[in-house]
Amino acid sequence: MSVWIAVVATGLGCYALKLAGLVTPQRVLDDARMRRFTELVPVALLTALIAVQALADGRTLEFDGARMAGLGAAVVALLLRAPFLLVLVIAAGVAAGLRLLGL
């Protein structure tokens, strides 16, 4: 039962967040600080997600060579301006290849 409470609460929270975006006055959205905030928050959240996925294994930090190599390959592909789907394929391919080789 507690899982359903969490699912409903999360759904209501997402709906409230979207509704807040729709009813926020334009003067608030035009503020330079708010604009800067909305530009930087997605970058910070994605960076945090990448760090957690690359360095965490459950509740512990773990340095995994294959993951780090995949992340490095993704960074190189992004610097070469590869399309995002290709970046994902390259990163997954490098990590999977190294795991297949037992490294």
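No experiment lies behind these values; they were computed from the predicted model shown.

### A short note on the pattern of salt bridges
Piece 1. All told, the structure shown has four salt bridges when counted by the stated rule.
Piece 2. With its nearest N and O atoms 3.9 Å apart, the salt bridge here joins Arg36 to Glu39. Here Arg36 and its partner Glu39 are both found in helix α3 (residues 32-55), three residues apart, which amounts to about one turn of the helix.
Piece 3. Taken together, the shared-partner salt bridges in this structure form one network comprising Asp64, Arg67 and Arg99.

### Here we look at a nonpolar patch on the surface
Piece 1. Residues Leu78, Phe84, Leu85, Leu86, Leu88 and Val89 make up a contiguous nonpolar surface patch of about 620 Å² in total accessible area.
Piece 2. For the nonpolar patch, the leading source of residues is helix α5 (residues 84-100), giving five residues.
Piece 3. Note that Leu86 resides in helix α5.

### Observations regarding the UniProt feature "transmembrane region" (unreviewed entry) in the protein chain
Piece 1. Mapped onto this structure's residue numbering, the UniProt feature "transmembrane region" (unreviewed entry) falls at residues 40-56 and 68-98.
Piece 2. The distance from the first to the last C-alpha atom of residues 40-56 is 24 Å, and the span holds 94% helix and 6% strand.
Piece 3. Across residues 68-98, the secondary structure splits into 87% helix and 0% strand, with the terminal C-alpha atoms separated by 11 Å.

What counts and what doesn't
Residues numbered from 1 in each chain as written. Predicted model: local features only at pLDDT ≥ 70, side-chain atom pairs only at ≥ 80, totals over all residues. Heavy atoms only, no water. Salt bridge = Lys/Arg side-chain N within 4 Å of Asp/Glu carboxyl O. Helix = DSSP H or I, 4+ residues; strand = E, 2+ residues; numbered from the N terminus. Patch = residues over 30% accessible without salt bridge, like charges linked within 9 Å, V, L, I, M, F, W, Y side chains within 5 Å. Areas by Shrake-Rupley, 256 points an atom, 1.4 Å probe, with all protein chains shown as cover. UniProt positions renumbered as here; feature names shortened; annotations may be inferred.

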